[in-house]
Every structure is written in structure tokens, then in C-alpha cells.
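Structural description and commentary
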Amino acid sequence: MSSSPGSPEHVAPVVVIGAGVVGAATAFALTARGERVLLLEQHARGHHLGSSHGATRIFRQGYADAEYVALTTRALELWEALEAAACEELIVRTGAVDHGRPEVVDAIAAALTDADIPHEVLAPDDAAARWPGIAFEGRVLTHASAGRIRADRAIEVFLTLAERTGLADLRFDTGVAGLEDHGDDVTVVLSDGTAIRTASAVAAVGSWAPVLVGELLAGRGAGLPAIRVTQEQPAHFPSHLPDEAWPSFVHWADGDDVYGLLTPGEGVKVGFHGTGPVVEPDNRDFAPVPTEAERLQAYVARYVPGVDATRPTFISCLYDNSPDEDFVMDRVGPLTVATGFSGHGFKFAPLLGEMLADLATGGAPHPRFALPEPVPAH
């Protein structure tokens with residue numbers, strides 16, 4: 001499909017904007033239903049400029065919120081189906097450990113109990129004997145269904161399986177300059193002036209959502225919640241221990257919460273959750289904040305004795321944070337919007353793809369993730 005700059009390209013497919021994990025999963029889910037898809041990504045395939053890059057992410061079911069626990073169970077089923085379809089392991093079952101503030105860990109334990117998800121509560125000394133790379137405090141909880149996602153491979157699997165259907169046209173290095181609302185359909189205007197008109201577009205663009213979809217939503221009396229885009233700076237630290245010694249872990253600390261997991265061949269990734277500076281996604285320096293780098297190294301020296309805290313390799317990634325850390329997924333006219341994944345969305349990727357495919361083909365939004373109700377005019 002091609003057209004001269006400025007002329008409309010009339011297409012039947014659903015247009016998915018963004019080939020991070022959410023866009024890739026959406027393209028896969030749509031093609032699995034027999035839908036034709038045009039996937040547009042402003043950067044190269046497998047780029048490192050958004051929220052989805054890197055080799056690993058945590059899969060865990062340890063939420064205190066029953067609804068999120070249920071979503072992890074459904075997501076796990078879909079991950080396992082994806083593994084079967086790809087004949088490839090995508091979740092390495094290392095187990096996960098939560099420790100720290102008793103009220104948080106106890107609430108997670110209660111939610112796992114209610115969902116019949118096996119788990120174990122340990123004393124800190126017993127946990128330290130089992131996982132000597134971590135120093136524990138407060139309550140300790142572990143569940144075996146968790147582990148690490150092979151993140152970069154997962155995105156490739158979504159894209160490759162979508163391609164294999166023959167229903168997906170994937171275009172990389174293809175920027176979207178804007179959206180034009182025509183009521184029942186929308187024109188996606190590319191950076192080269194090409195105009196693509198479709199009855200269903202999915203903006204799975206994460207941190208770029210406020211800029212790309214804000215004007216269209218405002219024209220319909222709607223709007224996103226206040227999405228805060230931050231540049232996060234976790235780091236890999238060289239491990240003193242064999243790979244098998246590392247579960248995924250979350251420390252519900254007094255202060256900022258911390259997460260960690262092994263990335264084989266790179267070290268143990270440790271980071272504060274959602275503490276980075278606010279940035280514009282196209283205007284970043286990718287550099288760690290020195291005081292925060294020092295604070296992370298001090299934390300690691302105290303609580304992750306199984307690594308060398310003096311040799312960090314810092315990573316830069318984006319968070320698109322909603323005010324309550326709930327996802328934002330809804331449809332307004334011909335446009336489906338996906339953002340606000342707040343640093344914890346990757347584990348849900350195949351489920352998010354299904355939910356967005358539902359929206360793109362006329363389904364109703366999940367009530368919790370719908371856009372805010374418009375404020376009536378006085």
C-alpha cells in the first residue's frame with residue numbers, strides 16, 4: 001500500500017500506532033481474529049527509545065488488589081498460549097519475592113489466598129538462607145508462578161506471529177504527525193504527508209499519547225487523565241552468584257519501592273519504581289541523575305549483597321504514569337487509546353492486546369481503565 005504525499009490512502013485494516021509491547025500484542029491479537037492490521041512505528045524495529053526495550057521484565061502475581069491479581073492469572077494463561085504458538089519459552093519461572101512493610105506484604109498474601117494462588121510466607125532469616133543475594137526486612141512472601149519475561153523476545157514473537165498470518169503490514173521508521181477526526185473514521189497523517197484513513201485506529205503509543213491524541217479527544221469533549229512521563233534509571237549490577245540464585249523481587253521499603261531481577265549476561269537489574277524526572281519523550285538526555293544514581297548504589301550495597309554495587313550499568317527508559325497507576329484503555333469514536341501503564345504493564349501484554357483488539361472492533365472498555373467522564377459544561 002503506497003500513495004503520494006498528501007493524498008489519502010483508503011485502507012480497510014485497523015491501524016495500530018506503536019510497536020512497543022502493547023502495540024505488538026494488539027497487532028497479534030487482531031490478526032489472530034482474522035483482522036487486517038497496518039502497524040506503524042516511528043522508530044526502528046526493537047528500538048530502545050520507549051518503555052518496552054531490554055531483555056527482561058518481571059512477571060508476578062503479587063498485587064494487593066484482587067482485580068489485578070485476577071488479570072495476572074488471565075495474562076499468564078495467554079502467555080502460556082503464546083509460548084505454545086511460538087514454541088519458545090517467554091517466562092522463566094524463577095519465582096518472585098516480596099518483602100518489606102508488613103501491611104503491604106500481608107495484603108498481597110491475602111489477595112493471593114483469595115485467588116487460590118500458592119504462596120509462602122517466610123521469616124527474613126529463612127528467606128536470606130534461601131536467597132543469599134538479597135537482604136530482607138519485615139515480612140517476606142514468595143510465589144512460584146512468577147519469574148522474568150524474556151521481554152525483547154516477547155515483542156518479536158508478537159510481531160512475527162502477526163506477520164505469519166499474512167494479515168499484518170508492519171512499517172518501521174514511519175512517524176505519525178497527527179490525527180484528523182472525521183466522525184465515523186479518522187485520518188492518520190504520516191510524517192511524510194501520507195494520509196491513511198481508517199474506521200479504527202489504535203494509539204498504543206504510551207508516553208507519546210498526550211501529544212498525539214489530546215487534540216482529537218478534546219474535540220470530542222474527552223481527555224486523558226494527567227499522564228506524567230518520566231525518565232527512569234534502573235541499573236544492572238554484576239552478580240557474585242549463579243543465575244539460579246536470583247528470583248524476581250520487590251522491596252516495599254520505607255520510602256521508594258524497589259524492584260529487581262536478573263538479566264542473564266548483563267547482571268541484576270535494580271531500580272526505584274517511578275521516581276525519575278519528568279521529561280518530554282522526544283527530548284531526553286538518557287543520563288542518570290547523579291544524586292539518584294548514588295542513592296540507588298547505596299540501596300544496592302545495603303540490600304542486594306549478591307552483586308557489586310560499585311559497578312552499575314545504567315539504563316534509561318520511559319514511564320507513562322497515570323495518577324492512580326491504573327491503565328488507560330478506551331475508545332472514542334474511531335480512536336482507541338492506550339497509555340498509563342505506569343511501569344507495571346508489561347506483564348499483562350497479551351491480555352492488553354486482547355482488550356485493545358476488543359475495543360478496536362467495537363467492544364466495550366474495561367470500566368476501571370476507561371477514560372474519565374467528561375465534566376458537564378455549566
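Data block above holds the structure.
What you see is a predicted model; the values in this text were computed from it and never measured.

Of all hydrophobic cores here, the largest spans 69 residues; its most connected members are Trp79, Phe158 and Met329. By residue number, the principal contributor to this core is helix H2 (residues 66-86), which donates nine residues. In this structure Phe158 touches Val21, Ala24, Ala25, Phe28, Trp79, Leu82, Ala349 and Pro350, once residues within four positions along its chain are discounted. Of all hydrophobic cores here, the second largest spans 27 residues; its members include Val15, Leu38, Leu190 and Ala201.

Next up on the list: the packing of aromatic side chains. This structure, assessed with the given rule, holds 13 aromatic pairs. Seen in terms of ring centroids, Tyr63 and Tyr68 are 5.1 Å apart; in terms of plane orientation they differ by 15°. Their pairing is stacked. Geometrically, the ring pair formed by Tyr299 and Tyr303 is stacked, given 5.0 Å between the ring centres and 25° between the ring planes. With Tyr299 and Tyr303 both in helix H7 (residues 290-303), this residue pair falls four residues apart, about one helical turn.

Each α-helix winds once per 3.6 residues, and so residues spaced three or four apart point in a common direction. Between its first and last C-alpha, helix H5 (residues 151-164) extends 20 Å over 14 residues, near the 20 Å set by a 1.5 Å rise per residue. All buried positions along H5 are accounted for by Ala151, Ala154, Ile155, Val157, Phe158, Leu159, Leu161 and Ala162.

Pairing is mixed across the open sheet formed by eight strands, whose spatial order is E7-E8-E6-E17-E18-E19-E16-E20. The open sheet has two edge strands, strand E7 (120-122) and strand E20 (313-314), and neither has a second partner. Pairing geometry for strand E17 (residues 248-252) and strand E18 (residues 258-263), over three bridges, is antiparallel. From the neighbouring strand, Phe249 faces E18, where its bridge partner is Gly260. Strands in contact with helix H3 (residues 102-114) are strand E6 (96-100), strand E8 (139-143) and E17; relative to E8, the strand with the most contacts, it is inclined by about 30°. Across the sheet, H7 lies against strand E16 (235-237), E17, E18, strand E19 (267-272) and E20, angled at about 120° from E19, the strand it touches most.

Let us look at the pairing of strand E2 (residues 14-17). Neither face of E2 is exposed, since Val14 and Val16 on one face and Val15 and Ile17 on the opposite face are all buried. For E2 and strand E3 (residues 37-40), the ladder comprises four bridges, and the chain directions are parallel. If you follow Val14 over to E3, its bridge partner there is Val37. Alignment of E2 against strand E14 (residues 201-203), held across three bridges, turns out to be parallel. Of the residues in E14, the one forming a bridge with Val16 is Val202.

A few words on helix H1 (residues 21-32). When the terminal C-alpha atoms of H1 are compared, their 16 Å separation across twelve residues agrees well with the 16 Å that a helix rising 1.5 Å per residue should span. Most of H1 is tucked away: eleven of the twelve residues are buried. Listed in full, the buried residues belonging to H1 are Val21, Val22, Gly23, Ala24, Ala25, Thr26, Ala27, Phe28, Ala29, Leu30 and Thr31. Looking one or two residues past H1, Gly34 carries a phi angle of roughly 90°, positive in sign.

For Asp116, which is not glycine, the phi dihedral falls at a positive 60°. Tracing the chain through its elements places Asp116 in the loop between H3 and E7. A positive phi angle, close to 60°, is found at Phe286, a residue other than glycine. Within the secondary structure layout, Phe286 lies in the loop between E19 and H7.

Their axes nearest at 7 Å, the elements H1 and helix H8 (residues 349-360) cross at an angle of 60°. Classified by the interaxial angle, the pair formed by H1 and H8 is oblique. The crossing of H1 and H8 is right-handed. Judged by residue contacts, Val21, Val22, Ala25, Thr26, Ala29 and Leu30 of H1 engage Ala349, Pro350, Leu352, Gly353, Glu354, Leu356, Ala357 and Ala360 from H8.

Each value, and the rule that gives it
- Residues numbered from 1 in each chain as written.
- Predicted model: local features only at pLDDT ≥ 70, side-chain atom pairs only at ≥ 80, totals over all residues.
- Heavy atoms only, no water.
- Core = buried A, V, L, I, M, F, W, Y, C linked by side-chain atoms within 4.5 Å.
- Buried < 20%, exposed > 50% of the residue type's maximum accessible area, 1.4 Å probe, protein only.
- Helix = DSSP H or I, 4+ residues; strand = E, 2+ residues; numbered from the N terminus.
- Contact = heavy atoms within 4.5 Å.
- Phe/Tyr/Trp six-rings, centres within 6.5 Å; stacked < 30°, edge-to-face > 60°.
- Expected span 1.5 Å × (residues − 1).
- Pairing = 2+ DSSP bridges.
- Axes fitted to C-alpha atoms, helices over the stretch in contact; angles between N-to-C directions.
- Parallel < 35°, antiparallel > 145°, perpendicular 65-115°, else oblique.
- Left-handed = near helix turned anticlockwise from the far one by under 90°.

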